[in-house]
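What follows is the residue order along each chain.
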Amino acid sequence: MVSYALKNNPFTRVASLPRRPRGERKLLVDDVYPQIFDAILEQRIAPGSRFTEDSLGQAFGVSRSIVRQVLARLSHQQVVILRPNYRPQVAAPDLEQTRQILHARRLTEITLVRLACQQPRRQLQPLRELIAQEREAIARDQRGPAIRLSGEFHLQLAEIAGNGPLAQFLGSLVPLTSLAIAQFEGQARNYCSWQEHSKIIDALQEADAEKAETLMNQHLAHLEQRLLGGL
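Because the structure is a prediction, the values reported are computed rather than measured.

**Examining the pattern of salt bridges**
Right, so step 1: The full count for this structure, using the stated rule, is 15 salt bridges.
Right, so step 2: Across the salt bridge formed by Arg 106 and Glu 224, the nearest N and O atoms sit 3.0 Å from each other. Here Glu 224 lies in helix 11 (residues 209–228) and Arg 106 lies in helix 5 (residues 95–116), a separation of 118 residues in the sequence.
Right, so step 3: Using a relative accessible area of 25% as the deciding quantity, one classes Arg 106 as partly exposed.
Right, so step 4: Linking Arg 148 and Glu 152 is a salt bridge whose minimum nitrogen-to-oxygen distance equals 3.2 Å. On the criterion of helical spacing, the pair formed by Arg 148 and Glu 152 is a turn pair, its members being 4 residues apart in helix 7 (residues 143–161).
Right, so step 5: When its relative accessible area of 13% is taken as the criterion, Arg 148 is described as buried.
Right, so step 6: Each of Glu 53, Asp 54, Arg 64 and Arg 68 takes part in a single network of salt bridges with overlapping partners.

**As for the environment of Arg 68**
Right, so step 1: Along the chain, the position of Arg 68 falls in helix 4 (residues 64–76).
Right, so step 2: For Arg 68, a relative accessible area of 41% puts it in the partly exposed group.
Right, so step 3: Expressed as a C-alpha distance, the spacing of Arg 68 and Asp 54, which sit 14 residues apart in the sequence, is 9.7 Å.

About the criteria used
- Residues numbered from 1 in each chain as written.
- Predicted model: local features only at pLDDT ≥ 70, side-chain atom pairs only at ≥ 80, totals over all residues.
- Heavy atoms only, no water.
- Salt bridge = Lys/Arg side-chain N within 4 Å of Asp/Glu carboxyl O.
- Helix = DSSP H or I, 4+ residues; strand = E, 2+ residues; numbered from the N terminus.
- Buried < 20%, exposed > 50% of the residue type's maximum accessible area, 1.4 Å probe, protein only.

Below, the structure written as structure tokens:
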């Protein structure tokens with residue numbers, strides 16, 4: 001029996017998806033990862049809840065092997081807690097942990113956005129595509145994908161900056177931030193403003209490091225204010 005702190009079956013919407021036509025390729029880890037992460041961000045799998053690999057595999061129509069690889073990735077990102085002899089558990093960062101995560105992000109991303117200003121402008125197109133996907137998810141009121149895509153914008157920006165260690169460090173912070181947004185922002189639709197993302201890209205296009213740094217600092221300050229308030 002799966003223990004979920006939800007009013008209804010957490011996998012209702014997932015279970016109602018149509019089966020894949022015969023002959024269609026099997027789902028891979030990269031296909032299933034965003035589905036499970038979105039379910040966590042939409043709290044169809046509640047913060048702090050435990051589950052089994054079998055329950056996830058049945059809900060998403062994939063093997064335990066695929067589920068195990070997805071959970072390993074989510075565990076590396078600290079979104080899911082894996083411990084021997086215990087069922088996997090969704091992490092539930094508290095406000096103080098969230099404050100520390102956001103502080104570390106601000107220090108890291110100020111440097112990354114300056115470095116990104118030094119890179120070829122052609123690398124910015126994937127960021128614009130992510131913003132378009134984020135806008136579409138928000139328009140469709142798809143909360144989980146919108147939060148996840150917002151985080152992917154920051155991770156893609158870190159890749160463009162060209163500093164591997166900093167990008168890797170940010171990769172440990174952004175998924176936890178996404179989890180905090182899902183947990184503390186309730187049903188707010190602002191998530192992580194695509195308009196602010198767009199302005200940051202414009203500054204990168206202009207190679208204006210000062211402007212890009214200011215915009216990123218303001219962007220993360222807005223996020224911190226929404227999440228933490230007067231903490």
